[in-house]
Amino acid sequence: MGKIRKILRWMRKNRIVKRILNGLFLLVIVAMLLFGAHVWITGSIYSDADNMVDSALVITKGMGFNLEKIVIEGRNKTSQEQILTAINAPIGSALLALNLEEQKQKLENLPWVEKVLVSRRLPNKLYLKLVERSPVALWQDGTKLYLVDKEGKILTDKNLDQFAFLKVVSGEAAAENADKILQLLLQEKNLEKNIVAL
């Protein structure tokens, strides 16, 4: 407590410090009055908040926090073009402006992507770690064939020749239940070898 009193006594005696503090106090009061008048006239502080965020992003880009590289791990079936189109994050854009949750949702909407980790690697990289879906069966819907995963999600209907080794399931709920059906079939080894389609 004694130190604070000494500092206050020193500040009272020192005219320069007193003038600086008075000037700062006056400056803060004037700034608050101007900001209040602006809000009263425009009726909104939101445009100012947006402008401040935009300014901060410009400053961070100037400091080197702009997107220079996108690192993708775990990609096998999903094309790089599909990924880049989904995230729509051009090289040179502000890295800190990217909404990572939004990027994650966009990527998880791609057919082959089961889940993805999206993170920033400062100062200039966007890191994507994909876990892709595994096909379990071909699903026949009328005359059309689709590749499906264990949840019945349609992965593709193109280039199915490379998946000819998979069993074909058919029927209304067959896609969603393909994994369960195949698990039951695997329990009967002799039967499983002889069945191509269900």
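Higher on the page you've got the structure.
From a predicted model like this one, the values you see are computed outputs, not experimental measurements. Counting from 1, residues in each chain are numbered in the order their sequence is written. Predicted model: local features are reported for residues with pLDDT of at least 70 only, side-chain atom pairs are reported and counted for 80 or more only, and whole-chain, interface and lining totals are derived from all residues. No hydrogens and no water enter the side-chain calculation; it runs on all heavy atoms of the structure.

Caption draft 1: Focus on the sheet that holds strand 1 (residues 69-73). Pairing between two strands requires that DSSP report at least two bridges joining them. Labels follow the DSSP assignment, with helices taken as runs of H or I lasting at least four residues and strands as runs of E lasting at least two, numbered in each case from the N terminus. Reading across from one edge, 1-3-2 is the order of the 3 strands in this open sheet, with mixed pairing throughout. Since the sheet does not close on itself, it has two edges, and those belong to strand 1 and strand 2 (113-121), each with one partner. Here the average twist between neighbouring strands, direction ignored, is 20°. Inspection of the sheet shows strand 2 paired to strand 3 (residues 125-132) by 8 bridges, in the antiparallel sense. In the strand pairing of strand 3, Arg120 is matched with Leu126. Packed on one face of the sheet, helix 5 (residues 100-108) meets strand 2 and strand 3 and runs near 150° to strand 2. Throughout, an axis means a line fitted to C-alpha atoms (over the contacting stretch in the case of helices), and angles, computed between N-to-C directions, take values from 0 to 180 degrees. Note on contacts: a residue pair qualifies if any of its non-hydrogen atoms lie within 4.5 Å across the two residues.

Caption draft 2: Region of interest: the pairing of strand 4 (residues 135-141). Note: strand 4 against strand 5 (residues 144-149), 6 bridges, orientation antiparallel. Each bridged residue has a counterpart across the sheet, and for Ala137 the counterpart in strand 5 is Val148. The antiparallel pairing of strand 4 with strand 5 creates a hairpin that spans 2 residues between the two strands, and Gly142 there sits at a positive phi of about 70°. Across 3 bridges, strand 4 lies against strand 7 (residues 168-170) in parallel orientation. The residue bridging Gln140 from the neighbouring strand is Ser170, located in strand 7.

Caption draft 3: Geometry of the sheet that holds strand 6 (residues 154-156). Ordered in space as 6-5-4-7, the 4 strands form an open sheet in which the pairing is mixed. Lying at the two open borders of the sheet, with one neighbouring strand each, are strand 6 and strand 7. Each adjacent strand pair in this sheet contributes to an overall mean axis angle of 45°, direction not counted.

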